[in-house]
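One-letter residues, chain by chain:
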Amino acid sequence: MADSLPSEFDVVVIGTGLPESIIAAACSRSGQRVLHVDSRAYYGGNWASFSFSGLLSWIKENQEKADTCEETEPWKDLILGNEEGIPLSKKDKTIQHVEEFCYASQDSVEDVEEAGALPKHSTSVIPTSSEVLEEASATTEEECVPLDGQSSGVKGEETSPESPSENNAKCPDDHNSVEVTSLGEKHSDDVTSDQSVSGTENEESTSIMDATAEPKKITYSQIVKEGRRFNIDLISKLLYSRGLLIDLLIKSNVSRYAEFKNVTRILAFREGRVEQVPCSRADVFNSKQLTMVEKRMLMRFLTFCLDYEAHPDEYQAQKDCKFSDYLKTQKLTPNLQHFILHSIAMVSEADCCTIDGLKATQKFLQCLGRYGNTPFLFPLYGQGEIPQCFCRMCAVFGGIYCLRHSVQCLVVDKETRRCKAIIDHFGQRINASYFVVEDSYLSEKICRNVCYRQISRAVLITDRSILKTSSDQQISILNIPSMEPDQPAVCIIELCSSAMTCMKNTYLVHLTCSSVKTAKEDLEPVVWQLFTIVTETESEGTGASVQKPQILWSVYFNMKDSSGVDRTLYDSLPSNVYVCSGPDSALGNDCAVRQAEAIFQEMFPSEEFCPPPPNPEDIIYDGDGTQAEDPRFSNESEANPETLPEE
Amino acid sequence: MSMEDYDFLFKIVLIGNAGVGKTCLVRRFTQGLFPPGQGATIGVDFMIKTVEINGEKVKLQIWDTAGQERFRSITQSYYRSANALILTYDITCEESFRCLPEWLREIEQYASNKVITVLVGNKIDLADKREVSQQRAEEFSEAQDMYYLETSAKESDNVEKLFLDLACRLISEARQNTLVNNVESPLPGEGKSISYLTCCNFN
């Protein structure tokens, strides 16, 4: 694998987060020779998602004290007299205050390791010493579990739903035979959900459970063993169905690399209770919690918001006062005001003006109904798939990919003040005309004038949904307004196992807010309002019906928010070096897409940004040439993609 | 004509070291060409070939690595939703065989549980340069529960057989699957591609 890297490119992209990946795809698509590198072993940077063991390694890495490695600068010998080097940062310092907690029972934890997709056999047919080492390091060690790198696979443990003998059995949640079924798709989400309770039991637990009503408590060893079922996003976002990212995915056809599910519920938290917010026309009419009068009020107001611009008289007088005050004047019950302010407009009570509130409400309503009953989509396997999809697109058009590849420095020509090359960790000089660098790769020296904000994050694995309904397969979003003056509003996204982000009978809960203090301080008050921790006694007496979901495992951390940094604040950066920011704290992805497009247009003003590629379906190789269009990949609304000439 | 001019659609994904002949296998099968024109790969994501097996039309969507294997940087999303994996090595290159366990680890991590994996030793036309004996490969594939086949994309040896056998196995697996879960057929893990979601419009 000691393939050598070419040393001439048009564009070098450093970092594989969403904006960098979009830029790489756009450049490659427009015929540029692109080298895309990341110093990490995985795609996505802070946009990545991890399996459970992957996340544990990530946690460990970020808890380790940044060892002050002495600043050796071997690149100095590699640059010429009329050049100057701008060293890049060696260690990612964007993550802080990582705190991990495990509440699931750890009784039987002995030799647990993550089970793979294949029946486990020793891979020792060709043992090399380095391989054995790698194997050992691949299993994650973690303080609370004595893990043994040498353990002999997954055998034992009758409770393992993954035991080799069952590996060939079908479980419907996986993607097999999918294509067939999904093409003929007829089912709605509701159908899925009604059956999934029983479905879950059948498929997963032939050997675990007798048909008890309550599923057994999930233990820590089960989480570890089923670790690859988890796809845990570092940053939690959703796609607005009319947002810039969806538009770009469709336009560029990158959407073919991913699959999506609708977010199924918008929730609100009022007076200590979680409730579902009716937001579509159908929801409002079907709602049991609203009175007839409320239904009318809400419909009237939402209809007005859809084209509020046409009725300036209704809001002009109050356009600069607070949206929350404006709502009070609109003949809405407190109940409805709460829904609109926090769950639909999702704006701050304290400082959002009427016009912005109306805009936000309108955006929400416009996104409604494009794909489903809520304005949002979630990518199966997590948000971390999206940057990778753009990377695939870049590679398909010839882009070269190197993970685990760090860059020592940028080489700048002293005269022209333009960057002309990079020197990588092997000391290889790679020339290019344009350089795109993610913010976290820039040294402290370059960023010394920049003042960064922080994002507070928590990820919980829980045993049940925050709002139990007939279906246990829901993807929900819940905004909790700030409760105290110094406390941030928190956005919660709860994912179910069919989003392919967590194992069966668990839920993955993401909490996000702009940081005021550390993640734990910011988010814990909200966590304890909604969740509880496993207690030994509780597990037997299942009497109480309104139980809070129990946290099985959780992690808190702060992430640097490098969005919205003014370029001129970066110290002495050559003009052909473009900086991409890490994830922002907003729910959508507009910021990243806007940034990527702006940078691309600056580099190549005359080129189209991510035009649709030729459709592989249009290249017909078999004789009869009667293939029908495959609706999964075609894009009805757009013009026909260009076709490759047939040979 | 109906929208779906086939009875089955399967996604088959190729993996293995750079230079073992993955693209050649795909091109040979889908276009009957060898060697494939170089530049033509650019911009082509996957190849389609529809074959008929026992009177049923089976559409095979065959995905290549887009060169991301060269520096061990394949995206995880590449493996998602693959029905079958063709793990390829070059019989004249010991190194490509030695890397197989690494590839298996990737599969373990990212592929679906029920993915069918086939091990393929390519370039048997270069028999005099063989470095990996058939027996070693057979033992290895047996230990891993994989189906094994040796091919030559150049001479077109076993290439049809590789894909057609795979198609047969995929069909029988799919059948079995629908039999087992006929009631729960709405797969809970099922996402939809964006264009597919564009079904409901209201307001």
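The rules we used
- Residues numbered from 1 in each chain as written.
- Chains lettered and ligands numbered in written order.
- Predicted model: local features only at pLDDT ≥ 70, side-chain atom pairs only at ≥ 80, totals over all residues.
- Heavy atoms only, no water.
- UniProt positions renumbered as here; feature names shortened; annotations may be inferred.
- Helix = DSSP H or I, 4+ residues; strand = E, 2+ residues; numbered from the N terminus.
- Buried < 20%, exposed > 50% of the residue type's maximum accessible area, 1.4 Å probe, protein only.
- Contact = heavy atoms within 4.5 Å.
- Areas by Shrake-Rupley, 256 points an atom, 1.4 Å probe, with all protein chains shown as cover.
- Phe/Tyr/Trp six-rings, centres within 6.5 Å; stacked < 30°, edge-to-face > 60°.
- Pairing = 2+ DSSP bridges.
- Axes fitted to C-alpha atoms, helices over the stretch in contact; angles between N-to-C directions.
- Core = buried A, V, L, I, M, F, W, Y, C linked by side-chain atoms within 4.5 Å.
- Parallel < 35°, antiparallel > 145°, perpendicular 65-115°, else oblique.
- pLDDT = per-residue confidence, 0-100.
- Polar contact = N/O pair within 3.5 Å; in protein donor to acceptor, adjacent residues only side chain to side chain.
- Salt bridge = Lys/Arg side-chain N within 4 Å of Asp/Glu carboxyl O.

Going by an unreviewed UniProt entry, chain B carries the name Ras-related protein Rab-30 and comes from Podarcis muralis. In its Catalytic activity (unreviewed entry) section, the UniProt record describing chain B reads: "GTP + H2O = GDP + phosphate + H(+)".

The name recorded for chain A in an unreviewed UniProt entry is Rab proteins geranylgeranyltransferase component A, from Eublepharis macularius. Database annotation for chain A, UniProt heading Subcellular location (unreviewed entry): "Cytoplasm, Cytosol". Of the comments in the UniProt record for chain A, the one headed Function (unreviewed entry) reads "Substrate-binding subunit (component A) of the Rab geranylgeranyltransferase (GGTase) complex. Binds unprenylated Rab proteins and presents the substrate peptide to the catalytic component B. The component A is thought to be regenerated by transferring its prenylated Rab back to the donor membrane."

Draft legend 1. Geometry of the overall build of chain B. In terms of regular secondary structure, chain B is built from six helices and six strands. Written out in order from the N terminus, the α and β elements of chain B read β-α-β-β-β-α-α-β-α-β-α-α. Looking at chain B as a whole, 60% of its 203 residues qualify as buried. When contacts within chain B are restricted to residue pairs at least 6 apart in sequence, those whose partners lie at least 24 apart make up 74%. In the form shown here, chain B has an accessible surface area of approximately 7,400 Å², with 48% of it arising from carbon and sulfur atoms.

Draft legend 2. A look at the overall build of chain A. A tally of regular secondary structure across chain A gives 15 helices and 23 strands. Residues classed as buried in chain A amount to 59% of the 647 residues present. For chain A, the proportion of contacts with a sequence separation of at least 24, taken over those separated by at least 6, is 75%. Surface accessibility of chain A: about 26,000 Å² in total, with carbon and sulfur atoms responsible for 51%.

Draft legend 3. Structural detail: the packing of aromatic side chains. All names here are of chain A. Following the criterion strictly, the structure yields 25 aromatic pairs over all chains and no others. Between Tyr42 and Phe50, the aromatic rings sit 4.7 Å apart at their centres with planes inclined by 80°, giving edge-to-face as the arrangement. A relative accessible area of 16% means that Tyr42 is categorised as buried. Note on Trp58 and Phe557: the rings are 5.0 Å apart at their centroids and 70° apart in plane angle, and the pair reads as edge-to-face. Pair noted here: Trp58 is in helix α2 (residues 52-63) and Phe557 is in strand β22 (residues 550-561), with a separation of 499 residues, a long-range link. This pair shows no difference in class: Trp58 is buried, exactly as Phe557 is.

Draft legend 4. Quick peek at the environment of A:Glu597. Residues and elements named next belong to chain A. With respect to the helices and strands, Glu597 occurs in helix α15 (residues 590-603). Here Glu597 falls in the partly exposed class, since its relative accessible area comes to 33%. In the structure, Glu597 is positioned 574 residues away from Ile23 in sequence and 7.2 Å away in space, judged by C-alpha atoms.

Draft legend 5. Layout of the pairing of strand β23 (residues 577-580) of chain A. Residues and elements named next belong to chain A. Burial along β23 is two-sided: the residues Val577 and Val579 and Tyr578 and Cys580 are all buried. Direction of pairing for strand β16 (residues 434-438) relative to β23: parallel, over a ladder of four bridges. In the strand pairing of β23, Phe435 is matched with Val577.

Draft legend 6. Focus on the sheet that holds strand β14 (residues 419-424) of chain A. Residue and element names in this part refer to chain A. A sheet is described by the order of its strands in space; here four strands give the open sequence β4-β13-β14-β15, paired in antiparallel fashion. Unpaired on one side and paired on the other, β4 (83-87) and β15 (429-431) mark the two borders of the sheet. Taken pair by pair, the neighbouring strands of this sheet meet at an average axis angle of 30°, ignoring direction. As paired elements, β14 and β15 share three bridges and run antiparallel to each other. Bridging across to β15, Ile423 finds its partner in Arg429.

Draft legend 7. Layout of the nonpolar core. Residue and element names in this part refer to chain A. Phe52, Phe301, Phe323, Phe390 and Trp553 are the most contacted members of the largest nonpolar core, which has 153 residues in total. Looking at this core, the element that brings in the most residues is helix α13 (residues 385-396), giving eight residues. When near neighbours in sequence (up to four residues on either side) are disregarded, Trp553 contacts Phe52, Leu55, Leu56, Ile59, Glu100, Phe101, Cys102, Tyr103, Tyr220, Val459, Leu460 and Ile461.

Draft legend 8. The packing of helix α7 (residues 244-252) of chain A against α15(A), seen in detail. Residues and elements named next belong to chain A. Where α7 contacts α15, the axes come no closer than 8 Å and their chain directions differ by 55°. As summarised for this structure, α7 and α15 are arranged oblique, according to the angle between their axes. Here α7 contributes Leu244, Leu245 and Leu248 to the contact with α15, which in turn contributes Asp590, Val593 and Arg594.

Draft legend 9. The pairing of strand β17 (residues 453-462) of chain A, seen in detail. Residues and elements named next belong to chain A. By the criterion of burial, β17 is predominantly enclosed, with eight of the ten residues buried. Relative to strand β20 (residues 507-514), β17 runs antiparallel, the two being bridged by eight bridges. Residue pairing across strands places Ile455 opposite Ser514, the latter belonging to β20.

Draft legend 10. How the structure looks around the confidence of the model for chain A. All names here are of chain A. When pLDDT is averaged along chain A, the result is 80; 75% of the residues meet or exceed 70. Residue range residues 122-213 is modelled with pLDDT below 50. Its contacts to residues more than four positions away, or to other chains, number 181 contacts. Note on residues 539-545: pLDDT is under 50 here. Beyond four places in sequence and across chains, it has three contacts.

Draft legend 11. A look at the environment of A:Lys237. Residues and elements named next belong to chain A. Relative to the helices and strands, Lys237 is located in the loop between β6 (232-233) and β7 (239-240). A relative accessible area of 1% places Lys237 in the buried class. Each C-alpha atom of the pair Lys237 and Ile493 lies 8.3 Å from the other, and the pair is 256 residues apart in sequence. Beyond its immediate chain neighbours, meaning those up to four positions away, Lys237 contacts Trp47, Phe378, Gln383, Ile493, Pro583, Asp584, Ser585, Ala586, Leu587, Gly588 and Asn589. In terms of polar contacts, Lys237 uses its side chain to reach the side chain of Asp584, at 2.7 Å. In this structure the side chain of Lys237 is engaged in a polar contact, spanning 3.1 Å, whose partner is the backbone oxygen of Gly588.

Draft legend 12. A look at the side chain of A:Thr506. All names here are of chain A. You can see Thr506 is positioned in the loop between β19 (490-495) and β20. The class for Thr506 is buried, based on a relative accessible area of 1%. Polar contacts involving the side chain of Thr506 include one to the main-chain carbonyl oxygen of Met503, which spans 2.6 Å. With sequence-adjacent residues up to four places away left out, Thr506 is seen in contact with Ile218, Phe230, Ile461, Thr462, Ser497 and Leu552.

Draft legend 13. Representation of helix α11 (residues 334-344) of chain A. Residue and element names in this part refer to chain A. Of all eleven residues in α11, ten are buried; the element is thus mostly enclosed. Residues of α11 that are buried: Asn335, Leu336, Gln337, His338, Phe339, Ile340, Leu341, His342, Ser343 and Ile344. In the core, the buried residues of α11 are packed alongside β9 (265-270), β10 (273-276), α9 (292-306), α10 (323-328), α12 (354-367) and β18 (476-480). Phi for Met346, located one or two positions after α11, is positive at around 50°.

Draft legend 14. Focus on unusual backbone geometry. Positive phi is not limited to glycine here, since A:Arg417 has a value of about 60°. Topologically, A:Arg417 is positioned in the loop between β13 (407-413) and β14. The exposure class of A:Arg417 is partly exposed, given its relative accessible area of 35%. At B:Lys123, a residue that is not glycine, the phi angle is positive and equals roughly 75°.

Draft legend 15. Broad picture of the pattern of salt bridges. Residue and element names in this part refer to chain A. Evaluation of the coordinates by the stated rule reveals 36 salt bridges over all chains. Across the salt bridge formed by Lys420 and Asp413, the nearest N and O atoms sit 3.8 Å from each other. With relative accessibility at 27%, the residue Lys420 sits in the partly exposed group. Of the charged contacts, one joins Arg464 and Asp463 as a salt bridge, the two residues approaching to 3.3 Å between their closest N and O atoms. Both residues of the pair, Arg464 and Asp463, belong to the buried class. Three or more residues are tied together by salt bridges with common partners; here these are Glu83, Asp413, Lys420 and Arg429.

Draft legend 16. The arrangement of the sheet that holds β7(A) in detail. Residues and elements named next belong to chain A. Overall, antiparallel pairing links the three strands, which are arranged β7-β11-β8 in an open sheet. Here the strands that pair on one side only, and so sit at the sheet edges, are β7 and β8 (260-262). With two bridges connecting them, β7 and strand β11 (residues 376-379) associate as antiparallel partners. Among the inter-strand pairings, Leu239 is bridged to a residue of β11, identified as Leu377.

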